[in-house]
Amino acid sequence: MKKLILFICTFSVLSVFAAKPKNQYIRIKTEFGECIIKLYNETPLHRDNFLKLTKEGYYNGTLFHRVIKDFMIQGGDPDSRNAKPDSLLGDGGPKYTIPAEFRDSLFHKKGVLAAAREGDGINPEKASSGSQFYLVQGKVFTDEQLNSLEEKRLKFKIPEWQRQVYKTLGGTPHLDRNYTVYGEIVIGLEMVDQIASVVTDKNNRPKQDIKMDITILKKREVKKLEKQLAADSLKQKTTM
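Basis of the calculations
- Residues numbered from 1 in each chain as written.
- Predicted model: local features only at pLDDT ≥ 70, side-chain atom pairs only at ≥ 80, totals over all residues.
- Heavy atoms only, no water.
- UniProt positions renumbered as here; feature names shortened; annotations may be inferred.
- Helix = DSSP H or I, 4+ residues; strand = E, 2+ residues; numbered from the N terminus.
- 1 Å grid on protein atoms, 1.4 Å probe; cavity = no way out; pocket = protein on both sides within 12 Å on 5 of 7 lines; lining within 4 Å.
- Points joined across faces, edges and corners; volume = space filled by probe spheres on them.
- Nonpolar A, V, L, I, M, F, W, Y, C, P; charged D, E, K, R; others polar.
- Core = buried A, V, L, I, M, F, W, Y, C linked by side-chain atoms within 4.5 Å.
- Buried < 20%, exposed > 50% of the residue type's maximum accessible area, 1.4 Å probe, protein only.
- Contact = heavy atoms within 4.5 Å.

Going by what an unreviewed UniProt entry lists, the protein chain is known as Peptidyl-prolyl cis-trans isomerase and is assigned to Pedobacter chinensis. UniProt, in its Sequence similarities (unreviewed entry) section for the protein chain, records the words "Belongs to the cyclophilin-type PPIase family." According to the UniProt record, the Catalytic activity (unreviewed entry) comment for the protein chain is "[protein]-peptidylproline (omega=180) = [protein]-peptidylproline (omega=0)".

As structure tokens, then:
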């Protein structure tokens, strides 16, 4: 009987670990380089929608159509594919939205992937666009600037560990808990900096079209990537 109980307990533990969702990664390629993004399991609706569209090739050939230095680079509008020069973009997408998935632990640090959306006036639920997204560049903040944001705009206290990130890596804290964050760049952050520096028109559209191709990393690529990330993390800890 003891052996049976031990077997059942062991099997249960293994089942829990086996059931734990694995991370999914996507690659964005542009002429300004590429980046690899880990999609968060904490935001399954956004994760699964992004994977679905990527599998369909929805994003391939579309543009980063809105670029603001020290803020973010935005894409995902299907109308941007082969768009005429100077045409206003940003209204395209599938005929659905995604319910907001705000998580206090997921915030707008530099390099995160987040969902664009309509403004609060017509979208009080803060539902996300079905396809449009942005990658945060942001800027580094001081304690005084963060204090001012907390008081005048956020109406909540930024956790201390997040403040440290905003004061070193940077980001866009004023967007926290207003736009859904659902992934982060793990390799290739410099791509965002490169794109954020291009010349834009009065509508923040780059003068030079910046096309993207997005693919899902295969299992063997994920294994290799996670080994690399683990090694980099260990190396970072030993040098601190």
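From this point, the narrative continues.
So, on to the UniProt feature "domain: PPIase cyclophilin-type" (unreviewed entry) in the protein chain. UniProt marks residues 33-212 with the feature "domain: PPIase cyclophilin-type" (unreviewed entry), using the numbering shown here. Between the end C-alpha atoms of residues 33-212 there is a gap of 10 Å, over a span that is 22% helix and 19% strand.

What follows covers the layout of surface pockets. Empty space among the atoms becomes visible once a probe the size of a water molecule is rolled across them. As a volume, the largest pocket reaches approximately 650 Å³. Considering the residues around the largest pocket, the lining is formed by 32 residues, among which Gly-90, Ala-116, Arg-117, Glu-118 and Gln-132 are closest to the centre. Those elements giving two or more residues to the lining of the largest pocket turn out to be strand E3 (64-68), strand E4 (72-75) and strand E7 (128-129). When its residues are assigned to classes, the lining of the largest pocket shows eleven nonpolar, 15 polar and six charged. If you add up the space inside the second largest pocket, you get close to 470 Å³. Along the wall of the second largest pocket there are 14 residues; nearest its centre are Val-186, Leu-229, Asp-232, Ser-233 and Gln-236. Where the lining of the second largest pocket is concerned, the elements lending two or more residues are strand E9 (181-187) and helix H6 (219-239). Considered class by class, the residues forming the lining of the second largest pocket number six nonpolar, three polar and five charged.

A few words now on the nonpolar core. By size, the foremost hydrophobic cluster in this structure holds 26 residues, and its most contacted members are Ile-28, Ile-37, Phe-64, Phe-133 and Leu-135. Of all the secondary structure elements, the ones that give two or more residues to this core are strand E1 (24-30), strand E2 (33-39), helix H2 (44-55), E3, strand E6 (112-115), strand E8 (133-136), E9 and helix H5 (190-196). Ranked by residues supplied to this core, first place goes to H5 with four residues. With residues up to four places along the chain from it excluded, the contact list for Ile-37 reads Gln-24, Tyr-25, Ile-26, Ile-28, Leu-113, Leu-135, Gly-183, Glu-184 and Ile-185. Ranked by size, the runner-up nonpolar core spans eleven residues in total, among them Phe-71, Val-112, Ala-116 and Leu-175.

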